[in-house]
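Listed below are the residues making up each chain.
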Amino acid sequence: MIAPPRLPLAALPTPLQHRPDLGAALGRKAFWVKRDDLTGYSWGGNKVRTIEYLLGDAEAQACDTVVLCGGPTSNFAALMAAACAARGLATIQVSYGTEPDPKPAALAAGEAAGAAIRYTGSPDRARMEDVADALAETLRGQGRRPYPVPRGGATVVGAFGYAHAAGEVRRQLRQVGVDAVTLVIPVGSGGSIAGLLAGFLFNFEGDEKETPLDLELIGVSVSRPPEELREGIDAKARACGAGRSRLANVNCRWELVDGRGAGFNHYDSDDAAFVDDIMRCSGLLIDTTYNGKALRWLCDLLPETNRPILYWHTGGSLAVADRLGTPGHPSPDHKEIK
Ligand SMILES: Cc1ncc(COP(=O)(O)O)c(C=O)c1O
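A brief structural summary. Because the structure is a prediction, the values reported are computed rather than measured.

1. Section: the pattern of salt bridges
Scanning the model with the defined rule gives 22 salt bridges in all. For Arg 49, the salt bridge identified is with Glu 168, shortest N-O distance 2.9 Å. Residue Arg 49 is found in helix 2 (residues 47–60), and its partner Glu 168 is found in helix 6 (residues 156–175); the two are separated by 119 residues along the sequence. For Arg 49, a relative accessible area of 1% gives the class buried. For Glu 168, a relative accessible area of 7% gives the class buried. Residue Asp 64 pairs with Arg 144 through a salt bridge whose shortest N-O separation is 4.0 Å. Within this pair, whereas Asp 64 is found in the loop between helix 2 and strand 3 (65–69), its partner Arg 144 is found in the loop between helix 5 (127–141) and strand 6 (146–149), the two being separated by 80 residues in sequence. Put simply, Lys 34, Asp 36, Arg 49 and Glu 168 are held in one network by salt bridges that share partners.

If you want it as structure tokens, here you go:
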């Protein structure tokens, strides 16, 4: 696909840090962290990269209203609302269920940025896209120019953010002399890993000097069974890379593993103790929804390896504040159906 226009928002490149302290806490030797919690727009996180392309595309199409899908704890929805407000676009967030109590910080932040929230009244998260499409149609009928976005911004356009992130980390790995690595990243909608996969398989960087990289890419699915996501991720990666040459020197294998544990948005006391330990020893903020689950999988289930491990930190600081500020949060009201 031809690259959609990018609206620069993020402070890039994000740091690649050698973190033997975290490696030791997780029982691993060579350990690196890609700090996409530090993308530098609003409270940061992986979705800033996605939003650069979604909003670039929405503006190129002269859209005036983003109609996005996102539950009450959606970091994507809150960040998109903030970016839309700054660019003068209206935001309507379609959320599943009914208004939650207590209100998660992500939802409050989206509202503070001006997002209007529409609840579907159904606990079925998959309903959100249908409701958003119908709403977009109604808006078109009223002469508005809506830009509908599915959960997590997981479209081929949104995937370009992470396709370029793959090039960014390849350059950083080359600089520190790492040519074989196991990369672990949390997966929700699958949009970010689809972009990464595209960026490791195809050339998005034009004149880039290719040095060999042997890459094992592991996505830890935190909300859906991996078999529900695999095909969609693969298809998005291929659509994103279509028309580009293959990277001859990158050997990339990928897999998706099940890291749901206690269920999406849920954690048990072991999970809480685990993230608290990591936060204490590393100075990193670790949410229980995404990064806590992915690190737990890495710690407990990633087979022993001599290869360096690269953990991709995706942010989630609002959920950290939710959990620490309201113990037991998210409430059972947010219980997911899957
Ligand atoms: C903090 C954080 N990490 C990881 C993810 C998962 O990213 P993706 O939906 O692109 O798979 C999300 C999704 O919203 C997120 O907010």
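More follows now that the structure is in view.
2. What about the site of the ligand?
In the vicinity of the ligand lie 13 residues, with Lys 47, Asn 75, Ser 189, Ser 192 and Thr 314 positioned nearest. Interatomic distance of 2.8 Å between a backbone N/O atom of Gly 188 and an oxygen atom of the ligand. Between Gly 190 and the ligand, the recorded distance is 2.9 Å, taken from a backbone N or O atom to an oxygen atom. Here the ligand, which alone exposes 390 Å², has 98% of that area covered by the protein. Within the shell around the ligand, the residues separate by chemical class into two nonpolar, 10 polar and one charged.

Scoring rules and cut-offs
- Every chain is numbered on its own, with residues counted from 1 as its sequence reads.
- Selection of residues for local features in this predicted model requires a pLDDT of at least 70, selection of side-chain atom pairs for listing and counting requires 80 or more, and totals for whole chains, interfaces and linings are taken over all residues.
- Note that the side-chain values use all heavy atoms of the structure and ignore hydrogens as well as water.
- Put simply, a salt bridge is a Lys or Arg side-chain nitrogen that is within 4 Å of an Asp or Glu carboxyl oxygen.
- Helix and strand definitions follow DSSP, with helices as H or I runs of at least four residues and strands as E runs of at least two, each counted in order from the N terminus.
- Note on classification: 1.4 Å probe, protein chains only; a residue is buried when its accessible area is under 20% of the maximum for its type, exposed when over 50%, partly exposed between these limits.
- When we say a residue is near a molecule or strand, we mean one of its heavy atoms is within 4 Å of it.
- Definition of a polar contact: a pair of N or O atoms within 3.5 Å, with one able to donate and the other able to accept a hydrogen when the atoms are protein atoms, and with sequence-neighbouring residues admitted only if both atoms are side-chain atoms.
- Each accessible area is a Shrake-Rupley result for a 1.4 Å probe, and residues are judged covered by the shown protein chains and nothing else.
- Amino acids outside the nonpolar list (Ala, Val, Leu, Ile, Met, Phe, Trp, Tyr, Cys, Pro) and the charged list (Asp, Glu, Lys, Arg) are all regarded as polar, and Gly is one of them.

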